[in-house]
Amino acid sequence: MFPNMMNDNNFYTSDASDKERHAHLSDVDHYSEGLQFAKRERLPRAAGLACLFFPLATEMVSKPTAGGWWVLLVLWIFVWPHLAWQLASRSSDPLASETHNLKADAILAGIWIALTGVNLMPSLALAMMVFITTMGAGGPRLCIAGAILTLVSSLVTLKLTGIAVDPVSPPLTIWLTVPVLLIYPLLFSWVNYRAAIRMEEHKRRLQVMSIRDGMTGVYNRRHWETLLRDEFDNCRRHQRGATLLLIDVDHFKTINDTWGHDVGDEAIVAITRHLQLCLRGSDIIGRFGGDEFAVIMGGTSCESAIAAMTRVHDRLATFRLPNTPQLSLHISVGVAPLTEEMAHYREWLKSADLALYKAKKAGRNRTEVAA
Ligand code: GH3
Ligand code: MG
């Protein structure tokens, strides 16, 4: 059968798989996405561990602990969050590096759960940190992996150190653990909330980019054609009239060749602004190609459309670009009212195209109506 081609019709509507989506991401996107991910983990990790220092220290004071563990505690709580960030941010693949950091978090949490003798409150806080972070970062898969790593590392530590299990937390430890239980989920949610807001804004910008022409701001051809199809269907259904215009700049190649592409671009933007000024807000303007525009005038007669275009011709006759006063801009316009015989919106478009061809053939700088 035919291969599944990506085209204008299915690009925005197809359900791309995660694999396909990632295949479209460039290396730069992958890198910056990973860096953002590592950044999101940085603050909750540093703040959460800092809050944990006090309940863990209380537990260590209450138990005969070797001095080396104190050094490890300080290194873990105060150095590890910054080291983890450095490792991820300097890596060529921050996403993979931060995922390794999260697994290291899970192993370290297991070690410290064992060193407290699986004391309830600090252990609960550590397990909560591992669960929330891994679930938020990598879903159930990473969360289960994190839980297993924590469990295994705590069992191994218990075995190696011979520390007795003592789950009952004294009141001081309970009170010192409460801030962690409150602050960590709050911070984690806040950081992720901000990321969600940023994503939403990014999505909105992408949506605008996908329907607008970058240079002029009017609709691009793909989106404009979907609006034309809708208008065609609505007019058919409600027995309403509408007029279609195709507009092409005259001798635009000569403008480019004589004055350069920058002036050509300025001319395109200027013509767009004149169209916007002379037409109604409800008229739908699209950039159809290089120097070609198209306008859908819903509920508008052919005569009104021609009158509007006469206003555009008149304005352009006296308009000059600021840096090239010698250059005058002219357009040719093809007008096609919607008729009963048209069975498809493309026939409407074809009719406007023929009228435009007629205007070009008749000497340009004029408006012609479809026969
Ligand atoms: P005609 O009067 O028959 O329309 O002649 P023309 O020279 O305008 O011919 P045509 O409409 O085919 O030329 C379109 C030119 O527009 C070709 C291309 O080099 C130029 N063009 C397309 N897009 C852009 C653009 O974004 N900026 C500039 N400066 N030029 C563009
Ligand atoms: Mg042209």
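Residues numbered from 1 in each chain as written. Chains lettered and ligands numbered in written order. Predicted model: local features only at pLDDT ≥ 70, side-chain atom pairs only at ≥ 80, totals over all residues. Heavy atoms only, no water.

### Structural notes on the sheet that holds strand 5 (residues 367-369)
What counts is decided by this rule: DSSP-based pairing: two strands are paired if at least 2 bridges between them are found. Going along the chain from the N terminus, every DSSP run of H or I of four or more residues is numbered as a helix, and every run of E of two or more is numbered as a strand. To get an axis, fit a line to the C-alpha atoms, keeping to the stretch in contact for a helix; angles then go from 0 to 180 degrees between the N-to-C directions. The contact criterion used throughout is that any non-hydrogen atoms of two residues lie within 4.5 Å.
Taking strand neighbours across the sheet as the criterion, the five strands line up as 2-3-1-4-5 in an open arrangement whose pairing is mixed. For this open sheet the edge positions go to strand 2 (284-287) and strand 5, each flanked by a neighbour on one side alone. Between one strand and the next, the sheet's axes are offset by a mean angle of 20 degrees, whatever the strand orientation. Direction of pairing for strand 1 (residues 242-249) relative to strand 4 (residues 331-337): antiparallel, over a ladder of seven bridges. Residue pairing for strand 4: Leu246 is matched across the bridge by Gly334. Along the sheet, helix 10 (residues 302-318) contacts strand 1, strand 3 (292-298), strand 4 and strand 5; its crossing angle with strand 4, the most-contacted strand, is approximately 170 degrees.

### Concerning the side chain of Ser123
To keep things clear, this is the line we draw: Each polar contact in these results corresponds to two N or O atoms within 3.5 Å; when the atoms are within protein, one needs to be able to donate a hydrogen and the other to accept it, and residues that are neighboring in sequence are counted only if both atoms are side-chain atoms.
Looking at where Ser123 falls in the secondary structure, it is placed in helix 5 (residues 120-161). There is a polar contact of 2.6 Å between the side chain of Ser123 and the backbone oxygen of Asn119. If sequence neighbours within four positions are ignored, Ser123 has contacts with Ile113, Thr116 and Val118.

### Remarks on the pairing of strand 2
This is how it is decided: For the exposure calls, accessible area comes from a 1.4 Å probe over protein chains only, and a residue counts as buried if that area is under 20% of its type's maximum, exposed if over 50%, partly exposed in between.
Burial along strand 2 is two-sided: the face carrying Ile284 and Gly286 and the face carrying Ile285 and Arg287 are both buried. A loop of four residues connects strand 2 with strand 3, the two strands running antiparallel in sequence.

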